[in-house]
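Summary of the model geometry
Next come the chains, spelled out residue by residue.
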Amino acid sequence: MRRKGEGGEVRDGVDAALDALYTTAPPDFVARREQLAVAARTAGRADDARLIHAARRPTLAAWASNLLLRSEPEESRRFLELGQALRAAYQDLDTDAVKELSERRRQIVSALSRQAAQLARTAGHQLSNAAEREVESTLQAVLTDESAASQWGTGRLESALKPPSSLPVAPPLTSGTRRKPPGSTRAPASSRTAAKDESAARRRRQQELARARKAAEAAARHLRELQAARTDADTLLQRARDRHGKARERFSIAEEELKEARERLQRTEEDRQDAETRDAAAADAVAAAELAVHEADQEVHRLGSSNA
């Protein structure tokens with residue numbers, strides 16, 4: 001199926017296939033890729049089949065990162081917005097604000113990394129410590145690098161991402177020192193113009209800081225909600241496991257009782273057949289004895305009649 005849209009023709013079919021492919025666990029990736037490529041080729045979409053066939057299998061860390069994006073779209077959107085706000089604000093934030101937002105960033109990245117690992121476990125694959133660190137590195141990169149955010153936003157990572165080697169940090173301010181707005185290296189035309197520029201730049205910095213803090217607070221609030229939901233889910237999972245264990249134990253007991261009942265049934269069936277055999281033999285013997293008695297009575301009667 002094809003659809004016309006802005007920028008030309010968009011292949012819905014191949015996009016959907018690739019989205020599904022990159023959330024397929026790596027051990028099953030190649031088989032799934034070939035299946036989708038064959039389906040596209042059979043449908044007469046040779047170009048789509050080539051694109052699908054060219055897809056490369058992701059690492060476990062990249063797959064878990066893709067899974068996180070696809071499984072938690074609202075949370076991922078908030079995370080990307082937080083990264084946008086942080087990148088926009090980092091250059092002009094004061095040191096205290098950078099420290100505050102960096103601490104929240106570490107908490108959120110750590111929590112999302114654990115969530116990605118949980119999604120992988122639920123899908124049947126345990127991430128190694130190294131893979132978990134790669135997921136965390138990917139999320140750090142998403143927050144600090146626009147290109148990394150764009151790559152993760154596609155949901156088709158093939159390998160883990162790395163954050164920039166150095167992050168922009170605002171220099172500490174001394175009392176009486178004011179931060180110059182970006183691009184203000186030229187001498188102002190007048191002291192009044194300089195004051196206005198400084199005031200406008202300060203307002204922009206305050207607005208950017210407010211947006212970054214708001215995004216961080218929203219992400220932290222959503223994270224707390226997810227953690228509470230995960231605690232509830234873990235509790236329900238443990239209860240389900242306990243019930244499953246008890247049910248399996250009862251099933252094993254019932255299965256053993258059924259086996260014993262079948263053995264008893266088999267024995268009683270054999271006893272019944274044996275009793276029927278003996279009963280038939282006894283019936284035959286009684287019939288033979290009755291016939292012999294009848295014949296003897298007739299012989300006695302015959303002899304008695306002849307002697308008379």
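Cut-offs applied
Residues numbered from 1 in each chain as written. Predicted model: local features only at pLDDT ≥ 70, side-chain atom pairs only at ≥ 80, totals over all residues. Heavy atoms only, no water. Phe/Tyr/Trp six-rings, centres within 6.5 Å; stacked < 30°, edge-to-face > 60°. Helix = DSSP H or I, 4+ residues; strand = E, 2+ residues; numbered from the N terminus. Buried < 20%, exposed > 50% of the residue type's maximum accessible area, 1.4 Å probe, protein only. Salt bridge = Lys/Arg side-chain N within 4 Å of Asp/Glu carboxyl O. pLDDT = per-residue confidence, 0-100. Contact = heavy atoms within 4.5 Å. Arc of directions from axis to C-beta. Polar contact = N/O pair within 3.5 Å; in protein donor to acceptor, adjacent residues only side chain to side chain. Core = buried A, V, L, I, M, F, W, Y, C linked by side-chain atoms within 4.5 Å. Expected span 1.5 Å × (residues − 1).

1. Some details on the packing of aromatic side chains
A complete count under the given rule lists two aromatic pairs for this structure. When the ring of Phe-79 is compared with that of Trp-152, the centres are 5.9 Å apart and the planes differ by 85°; the resulting orientation is edge-to-face. Placement of Phe-79 in helix α5 (residues 73-90) and of Trp-152 in helix α8 (residues 146-153) is noted, with a sequence separation of 73 residues between them. The two residues Phe-79 and Trp-152 agree in class, both being buried.

2. Some remarks on the pattern of salt bridges
One pass over the full model with this rule turns up 13 salt bridges. Between Asp-19 and Arg-156 there is a salt bridge, and its shortest N-O distance comes to 3.1 Å. Here Asp-19 is found in helix α1 (residues 12-21), whereas its partner Arg-156 is found in the loop between α8 and α9 (191-307), with 137 residues between them in sequence. Accessibility expressed as a relative area gives 24% for Asp-19, which makes it partly exposed. Arg-77 is the partner of Glu-81 in a salt bridge, and the nearest nitrogen-oxygen pair spans 2.5 Å. Here Glu-81 and its partner Arg-77 are both found in helix α5, four residues apart, which amounts to about one turn of the helix. Residue classification places Glu-81 among the partly exposed positions, given a relative accessible area of 37%. In this structure Arg-77 comes out as partly exposed when scored by relative accessible area, which is 36%. Within the structure, one salt-bridge network assembled from shared partners comprises Asp-15, Asp-19, Arg-70 and Arg-156.

3. Quick notes on the confidence of the model for the protein chain
When pLDDT drops low, the exact placement of atoms in the prediction is not to be read closely. Counting all residues, the mean pLDDT for the protein chain is 79, and 73% of those residues have values of 70 or more. Low confidence marks residues 1-10, where pLDDT is under 50. Its contacts with residues over four positions away, or in another chain, come to twelve contacts. Every residue in residues 169-187 is under pLDDT 50, and counting partners more than four places away or in other chains gives 28 contacts.

4. Regarding α8
Within the sequence span of α8, burial applies to Ala-148, Ala-149 and Trp-152. Angularly, the buried residues of α8 cover 100° about the axis, an arc narrow enough to put them on a single face. Residues of α8 that are buried in the fold lie against α4 (60-71), α5 and α7 (129-144). The opening residue of α8, the one whose side-chain oxygen lies 3.3 Å from the backbone nitrogen of Ser-147, is Asp-145. Two residues or fewer after α8 comes Gly-155, characterised by a positive phi angle close to 75°.

5. Things to note about the nonpolar core
Core analysis: the biggest nonpolar cluster contains 32 residues, and Leu-68, Phe-79, Leu-127, Val-135, Leu-139 and Trp-152 have the highest contact counts within it. Of all elements in the fold, only α4, α5, α6 (95-122), α7 and α8 reach the threshold of two or more residues within this core. At eight residues, α6 tops the list of elements feeding residues into this core. Look past the residues within four positions of Leu-139 in its chain and what remains in contact with it is Leu-68, Phe-79, Val-109, Leu-112, Ser-113 and Trp-152. Listed in part, the twelve residues of the second largest apolar core include Val-14, Ala-17, Tyr-22 and Leu-36.

6. Details of α4
For α4, spanning twelve residues, the distance from its first C-alpha to its last is 16 Å, which sits close to the expected 16 Å at 1.5 Å a residue. Within α4, nine of the twelve residues are buried, which leaves the element mostly enclosed by the surrounding structure. The complete set of buried residues in α4 reads Ala-61, Ala-62, Trp-63, Ala-64, Ser-65, Asn-66, Leu-67, Leu-68 and Leu-69.

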